[in-house]
Amino acid sequence: MLIRYGMYAVIGMTLASCTVLGPNYERPALPLDAQYALSTRGALSYAAEDPWWQRLNDPVLTAFVEKTLSRNIQIDAALARIKEARAILETVGPASQLSGGLSASATLQSIDGNRTSNDTSQAQLAPSFLIDLFGQRRRQQEQAQALLEASVQDEAALRLALQAEVTQIYLNARFLQASTRIRRSAVANRRSLVSILRERGLVGDSTQVQLRRAEAELRLEQARLPELEGDFQATAFALATLAVEPAESVLKTLERGGGQPVPRARLSPDVPAALLRNRPDVRASEARLVAATAEIGVLQAQLAPSLSLGGSVNVSATDTISFGPSLIVPIFDLPVRRARVTAGRARAEEAEAIYRQTVLEAVEEVQVSLAQTQSLQRQSAALQRALATYQQAVSLSQEAFSLNAITLVEVLGAEEDLRDTSLTLAGVRRDFAATWSQLNIAIGQGRDVAIERGSR
C-alpha cells in the first residue's frame, strides 16, 4: 500500500512538472563583413530558380546541364536519402507514443480423435501510451525535421556541384578545340615555310640547315595534335557519364564545333550574410547543428523518469479488464545516460565548429572567385590587344621572308609568339568563364532550378 501511494505521489509531481528539456537552438553569432573585398556596391538580384548557365549563351552547354540535372544517378541517391529522412520524421510523430497490439489464441484438445470439452480460446488487447513528460518526442521531432532539411539542402548542393562540373568540363572541351585549331594553323604556317625553303633550295638560295629546321618545327607542331585530341575525347566521355548519355552521341555533338562561351552579364555577389540563406551547403551545415542541439534534449529527457499508461482487455471464459500507470526511474544505468548527454553536447560543439568553418569557407570562395573573375577579365582584354599586334607582325614577317628580307629564325619567332599568345588567350577565356560560373555557384545561384527528373 505504501509503494502504491508513493508511486502515485511521484506520478503527480512528474505530471505537474512537465517541461521540455534541452537547449533551444539559436544561430551562432558570426563575424561577417558588411561586404566582400573587391566587390562592387549593389544588391544581388538573387533568384534560386535562375538558370545562370544560360547567360553563357551556348545552347549545347544548356542542353548538357539540363540533361545532367534530369538524369544524373547521384541525384537519384540524394532523393532517396530525402525519402528516408521523411520516413524517419514520421516515426517520431504522435503515433510513436502508442504501442501494443491484439493477440488471440485457441486450443482444441482431443483424445483418440474424440472431441473433449477442454476447448479454449482467448483474445487480448494490450495498448500502452507513453506520456511525453520532458519533451523527448518534441526534441526528436526537431532533430528529425532538421535532418530532413539537411538532406534537402544536400541534394540542392549536389545539383549546384553538378552544374559547376558540367560547365567546367564543357568549357575545357571548347578550349581544347580552340587549342587544336590554333595548333593546326601553326602547322599550316610551318608547311608554308617548308614549301618556300624547298623552292629556294632548287635554285640554290637556301641551305639544307634551314630546310631541316623548318621540317623539324613542322613535325614538332604536328606531334602536339594527338594529345589535344585525346584530351578532348576524355571530356566527351566525362560529360556522357554525368548526363547519362551514350559517349558516341556526346562526342559527335561536341565535334560539330563551337566557340568558347563568354559570360555576357556582370554579377554582384550581394553581402556575405546572404550566404546563410543562399548557399545550400551552409544551410545543410546549420540544419545539422539544429539536429545536434535537439539531440541534447532527447538525451537529457532519458535521464528523467518515464511514465506510461497501459492496460489490457482479455476476452476469454473469464473476461478481465486492467488499466493503470507504469513509472520507470533510471537508477543503475544513470552514469551511462549522463555520459551520453556529455557526448551529445560534444557533438553539438563539433557541429557548431563545422558550421562556422563552412560559412567562412563560403565567404572565402566568393571573394576568391570575384577576384579571379575581375583579374581574368582584365587579362583577357590585354591579351586580345597583344594578339592583334602579333597577327600584324606575323603577316609582315611572312611577306618579308617571301622577299628574302629576313631570316627563318625571325619568322619562326614571330609565329611562335602568335601561337603562344593565342593559346594563352584561349586558356584565359576558359578560366574567365569558369571563375564566373564558380562565382554563381558560390553565391547559391540556380540551386532550385526546376528540371523534370527523367526527361529526355
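Residues numbered from 1 in each chain as written. Predicted model: local features only at pLDDT ≥ 70, side-chain atom pairs only at ≥ 80, totals over all residues. Heavy atoms only, no water.

### Details of the overall build of the protein chain
Selection rule: Numbering of helices and strands starts at the N terminus; helices are DSSP runs of H or I of at least 4 residues and strands are runs of E of at least 2. Only protein chains enter the accessibility calculation, which uses a 1.4 Å probe. A residue is then buried if its area is under 20% of the maximum for its type, exposed if over 50%, and partly exposed in between. Contacts are assigned to residue pairs with any non-hydrogen atoms lying within 4.5 Å of each other. In these tables, accessible area is a Shrake-Rupley quantity obtained with a 1.4 Å probe, and a residue counts as shielded only by the protein chains included in the view.
On a plain count of helices and strands, the protein chain comes out with 11 helices and six strands. Per-residue burial over the protein chain gives 40% buried out of 456 residues. Within the protein chain, contacts between residues separated by at least 24 positions form 84% of all contacts whose residues are at least 6 apart in sequence. Total accessible area on the protein chain is roughly 24,500 Å²; 55% of this is exposed by carbon and sulfur atoms.

### As for the packing of helix 5 (residues 208–223) against helix 11 (residues 408–442)
The test is simple: Axes, fitted as lines to C-alpha atoms, cover a helix only where it is in contact. Angles between the N-to-C directions of the axes lie from 0 to 180 degrees. Oblique is the label for every angle not falling under 35 degrees (roughly parallel), over 145 degrees (roughly antiparallel), or within 65 to 115 degrees (roughly perpendicular). In this scheme, a crossing is called left-handed if the near helix is turned counterclockwise away from the far one by less than a right angle; it is called right-handed if the turn is clockwise.
In the contact formed by helix 5 and helix 11, the axes pass within 11 Å of each other and the chain directions differ by 15°. In terms of their interaxial angle, helix 5 and helix 11 are classed as roughly parallel. In this structure, helix 5 crosses over helix 11, and the sense of that crossing is left-handed. Listed contacts from helix 11 to Gln210, Arg213, Ala214, Glu217 and Glu221 of helix 5 are Leu408, Val409, Leu412, Glu416 and Arg419.

### What to know about helix 5
The line we're drawing: By definition here, a helix of n residues has an expected span of 1.5 Å times n minus one. Working note: the arc is built from the helix axis to C-beta atom directions.
With 16 residues, helix 5 extends 22 Å between its outermost C-alpha atoms, agreeing within 8% with the 22 Å of an ideal straight helix rising 1.5 Å per residue. Taken together, the buried positions of helix 5 are Leu211, Ala214, Glu215, Glu217, Leu218 and Glu221. For helix 5, the angular spread of the buried residues around the axis is 155°, confining them to a single face. Exposed residues lying more than 90 degrees from the buried face of helix 5 are Val209, Arg219 and Ala223.

### Section: helix 10 (residues 334–402)
Over its 69 residues, helix 10 runs 96 Å from end to end, which matches the ideal 102 Å to within 8%, given 1.5 Å per residue. A positive backbone phi angle near 65° is found at asparagine 404, which sits one or two residues after helix 10.

### Concerning the environment of aspartate 132
By the element assignment, aspartate 132 lies in the loop between strand 4 (120–131) and helix 4 (136–202). The partly exposed category is assigned to aspartate 132, whose relative accessible area is 27%. In the structure, aspartate 132 is positioned 176 residues away from serine 308 in sequence and 8.7 Å away in space, judged by C-alpha atoms.

### Here's the deal with the nonpolar core
What counts is decided by this rule: We define a nonpolar core as any set of buried Ala, Val, Leu, Ile, Met, Phe, Trp, Tyr and Cys residues linked to one another through side-chain atoms lying within 4.5 Å.
In this structure, Phe64, Val166, Leu239, Val250 and Leu254 are the most contacted members of the largest nonpolar core, which totals 56 residues. Discounting chain neighbours no more than four positions away, the residues touching valine 250 are Phe64, Ala236, Leu239, Ala240 and Glu245. Core analysis: the second largest hydrophobic core is formed by 12 residues, Leu193, Ala214, Leu218 and Phe401 among them.

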